[in-house]
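Letter by letter, the chains look like this.
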Amino acid sequence: MEENKDRQIWLVARQRAAFKRSLSSYFMVNTFLVAIWFFTTGGRHHFWPIWPILGWGLGVGLQYLNAYHGTTFFSAEREYEKLKNNQ
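Note that this is a predicted model, so its numbers are computed, not measured. (Residues numbered from 1 in each chain as written. Predicted model: local features only at pLDDT ≥ 70, side-chain atom pairs only at ≥ 80, totals over all residues. Heavy atoms only, no water.)

Caption draft 1: Layout of the side chain of Asn-30. By the element assignment, Asn-30 lies in helix α1 (residues 2-41). Engagement of the side chain of Asn-30 in a polar contact is seen with the backbone oxygen of Tyr-26, the distance being 3.0 Å. Aside from chain neighbours lying at most four places away, what touches Asn-30 is Pro-52, Ile-53 and Trp-56. (Helix = DSSP H or I, 4+ residues; strand = E, 2+ residues; numbered from the N terminus. Polar contact = N/O pair within 3.5 Å; in protein donor to acceptor, adjacent residues only side chain to side chain. Contact = heavy atoms within 4.5 Å.)

Next up, the structure:
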């Protein structure tokens, strides 16, 4: 049982570290895209970086939910505790 918990903790730790790397890349790349847009158009044309910002942002948001809330939201242990407390 203890070994299983340890594996779960390592899985969560890896997911959270991967999320932090993805978030860092998201900000760096999108900042670069906005800079390209601004310096090439002077901020006068369609804001095309919105599409990668929104698309990639959706993915990063889902990764956040999985890393920080995914293990508890769909947890069988949590549901068991709810049912046990309702009796």
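Caption draft 2: The arrangement of the packing of aromatic side chains in detail. Per the stated rule, a full pass over the model turns up eight aromatic pairs. Measuring from centroid to centroid gives 6.4 Å for Trp-37 and Phe-38, while their planes differ by 55°, and the two rings are tilted. You can call Trp-37 buried: its relative accessible area is 10%. Each ring, one from Trp-37 and one from Phe-47, has its centre 4.7 Å from the other, and the planes form 90°; the classification is edge-to-face. With Trp-37 in helix α1 and Phe-47 in the loop between α1 and α2 (50-68), this residue pair connects regions lying ten residues apart in the sequence. Phe-47 gets classed as partly exposed once you look at its relative accessible area, which sits at 29%. Members of the aromatic cluster, joined through ring pairs, are Trp-37, Phe-38, Phe-39 and Phe-47. (Phe/Tyr/Trp six-rings, centres within 6.5 Å; stacked < 30°, edge-to-face > 60°. Buried < 20%, exposed > 50% of the residue type's maximum accessible area, 1.4 Å probe, protein only.)

Caption draft 3: Main features of the confidence of the model for the chain. With 94% of its residues at a pLDDT of at least 70, the chain reaches an overall mean of 89. No element of the chain has a lower mean pLDDT than helix α3 (residues 70-73), which averages 68, and none a higher one than α2, which averages 95. (pLDDT = per-residue confidence, 0-100.)

Caption draft 4: Layout of a nonpolar patch on the surface. Taken together, Phe-32, Ile-36, Trp-48, Trp-51 and Leu-54 make up a surface patch of nonpolar side chains, about 550 Å² in accessible area. Among the elements of the structure, α1 and α2 are those that each provide at least two residues to the nonpolar patch. With respect to the helices, strands and loops of the structure, Trp-51 is situated in helix α2. Taking relative accessible area as the criterion, Trp-51 reaches 58% and is therefore assigned exposed. (Patch = residues over 30% accessible without salt bridge, like charges linked within 9 Å, V, L, I, M, F, W, Y side chains within 5 Å. Areas by Shrake-Rupley, 256 points an atom, 1.4 Å probe, with all protein chains shown as cover. Salt bridge = Lys/Arg side-chain N within 4 Å of Asp/Glu carboxyl O.)

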